[in-house]
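Structural characterization, general
Next come the chains, spelled out residue by residue.
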Amino acid sequence: MRAALCKKIGEPEDVVIADIPSPQMRDDHLRIRVRACALNFPDILTVQGKYQRQPVLPFAPGMECAGEVIEVGPKAKGGFKVGDRVMAQPGVGCLAEEVCTSPMSVYAIPDNVSYEHAAGFIVTYGTVYHAFVERGDLKRGETLLVLGAAGGVGLAAVELGKLMGATVIAAASTDAKLKVCGQYGADHLLNYSEEPIKEAVLGLTNEKGADVVFDPVGGDATLQSLRCINRNGRLLIIGFASGTIADIPANRLLLRQCQAVGVAFGGYSIAFPERVRANMAVLTGWWNEGKLKPHVSMTFPLAETVAAMNALVTRKATGKVVVTIA
Ligand SMILES: NC(=O)c1ccc[n+]([C@@H]2O[C@H](COP(=O)([O-])OP(=O)(O)OC[C@H]3O[C@@H](n4cnc5c(N)ncnc54)[C@H](OP(=O)(O)O)[C@@H]3O)[C@@H](O)[C@H]2O)c1
């Protein structure tokens, strides 16, 4: 089968298209013919050797995908059958024509949803729902500041934040990105290339600050957010797309009586797959009701995987970047 292969730790340019054997399947797994693989920032980090869970070389990157079931192991649970349209989160290996995975990470795709739009649903919405409900206790009426708000997890945070009754301040680096956030319901738009986060958020919140901060960016944006977080606020540490992990000053937590809360959806999915399935049941229910609209801004064929990855690296994308596999 064809796959995008990382043979050595390096940069996206080091990923090559290669013919490799189809993966071997366990008796309790499903084999999926991948039609679309949505990229997540951790896919880049894995290629760079910077992610917390590194696959053994060589490997096909790609945490999640959508496609159809082409083989069901004799001990596979879940009731899936050949031909089912599904989305899946195997964790790695999705930039390939076939991937094998446990049915625990596989979900039916709602009717009329394309593979491209389904491919990036699990990690983005799953992460945000886990962050808001199980880590951050986001409540109706609270003010939510979303950093990197036009990115993959960021835009899902804007959309789910609104759906869950928060007032959403979307913060991003360009007006074009913020326009997309506005289309996804953000109440306030903050261009952090032009305005300091602290002053803008304090101005928008009558000097109180945000109750919850969703932070996939890290670095200086984290430190600024801690200067405009409300008493009892929750700073949700999602990731470090800026490349810098902030050293959080403990005195800021004390002075604001706030919390910094870690969120790790990948590890949570492995440790508590049943809880993730329960969360996904809520999310796919909302999706079926038309309350969620995953945004795909760019698609690339498998042969252009490097360009697809670089769309994330160069901050060109909004929502999801998807690699399609014919
Ligand atoms: N904790 C978890 O469970 C979990 C799950 C999924 C992802 N993540 C993490 O969340 C972060 C975002 O992931 P994603 O897939 O949503 O990525 P993405 O789609 O590329 O979005 C990242 C956003 O970060 C901002 N950014 C700021 N500085 C950047 C830089 N130097 N390079 C690239 N982007 C930069 C960009 O927005 P502006 O241009 O507007 O600043 C961009 O839209 C990553 O660190 C990822 O590892 C964590």
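As shown above, the structure is provided for reference.
Presented here is an overview of the structure given in this document. (Residues numbered from 1 in each chain as written. Predicted model: local features only at pLDDT ≥ 70, side-chain atom pairs only at ≥ 80, totals over all residues. Heavy atoms only, no water.)

**Re the environment of Val-282**
By the secondary structure assignment, Val-282 is in helix 10 (residues 273-288). On the accessibility criterion, Val-282 (31% relative accessible area) is partly exposed. Residues Val-282 and Tyr-129 lie 153 residues apart in sequence; the distance between their C-alpha atoms is 9.4 Å. (Helix = DSSP H or I, 4+ residues; strand = E, 2+ residues; numbered from the N terminus. Buried < 20%, exposed > 50% of the residue type's maximum accessible area, 1.4 Å probe, protein only.)

**What about unusual backbone geometry?**
Residues apart from glycine generally show negative phi values, whereas peptide bonds are mostly found in trans. Omega for the peptide link from Leu-57 to Pro-58 comes to -15°, which places this bond in the cis form. Tracing the backbone shows Pro-58 in the loop between helix 1 (41-47) and strand 4 (64-72). A positive phi angle is found at Glu-207, which is not glycine, with a value near 70°. A positive phi angle is found at Gln-257, which is not glycine, with a value near 45°. By secondary structure assignment, the location of Gln-257 is in the loop between helix 8 (250-256) and strand 13 (259-262). Relative accessible area serves as the criterion here: at 46%, Gln-257 is assigned to the partly exposed category.

**Digging into the packing of aromatic side chains**
If you walk through the whole model with that rule in mind, you get 5 aromatic pairs. Ring geometry for Tyr-129 against Trp-286: centres 6.0 Å apart, planes inclined by 65°, an arrangement best described as edge-to-face. Note that Tyr-129 is positioned in helix 3 (residues 121-135) and Trp-286 in helix 10, a separation of 157 residues in sequence. Neither residue differs from the other here; Tyr-129 and Trp-286 are each classed as buried. Judged by centre distance (5.8 Å) and plane angle (70°), the ring pair of Phe-132 and Phe-214 falls under edge-to-face. Of this pair, Phe-132 sits in helix 3 while Phe-214 sits in strand 11 (residues 210-215), placing them 82 residues apart in sequence. Each member of the pair, Phe-132 as well as Phe-214, carries the same accessibility label: buried. Among the aromatic residues, those joined into a ring-pair cluster are Phe-121, Tyr-125 and Trp-287. (Phe/Tyr/Trp six-rings, centres within 6.5 Å; stacked < 30°, edge-to-face > 60°.)

**Overview of the site of the ligand**
In the neighbourhood of the ligand, 27 residues make up the surrounding shell, with Ser-173, Lys-177, Tyr-192, Val-263 and Phe-265 lying closest. The side chain of Tyr-192 places a nitrogen or oxygen atom 2.6 Å from an oxygen atom of the ligand. The separation between a nitrogen atom of the ligand and a polar main-chain atom of Val-263 is 2.7 Å. Burial of the ligand by the protein chains amounts to 91% of its free accessible area of 900 Å². Within the residue set of the shell around the ligand, elements represented by two or more residues are helix 1, helix 3, helix 4 (152-163) and helix 11 (305-313). Among the elements that make up the shell around the ligand, the one with the highest residue count is helix 1 (3 residues). A class-by-class count of the residues in the shell around the ligand yields 17 nonpolar, 8 polar and 2 charged. (Near = heavy atom within 4 Å. Polar contact = N/O pair within 3.5 Å; in protein donor to acceptor, adjacent residues only side chain to side chain. Areas by Shrake-Rupley, 256 points an atom, 1.4 Å probe, with all protein chains shown as cover. Nonpolar A, V, L, I, M, F, W, Y, C, P; charged D, E, K, R; others polar.)

**As for the packing of helix 3 against helix 4**
For the pair helix 3 and helix 4, the least separation of the axes is 9 Å and the interaxial angle reads 55°. For the element pair helix 3 / helix 4, the angle class is oblique. The interaxial crossing formed by helix 3 with helix 4 has right-handed handedness. Taking contact as the criterion, the partners of Thr-124, Tyr-125, Thr-127, Val-128, Tyr-129 and Phe-132 in helix 3 are, on helix 4, Gly-152, Val-153, Ala-156, Ala-157, Glu-159, Leu-160 and Gly-161. Here the residues of the contact of helix 3 with helix 4 sort into 8 nonpolar, 4 polar and 1 charged. (Axes fitted to C-alpha atoms, helices over the stretch in contact; angles between N-to-C directions. Parallel < 35°, antiparallel > 145°, perpendicular 65-115°, else oblique. Left-handed = near helix turned anticlockwise from the far one by under 90°. Contact = heavy atoms within 4.5 Å.)

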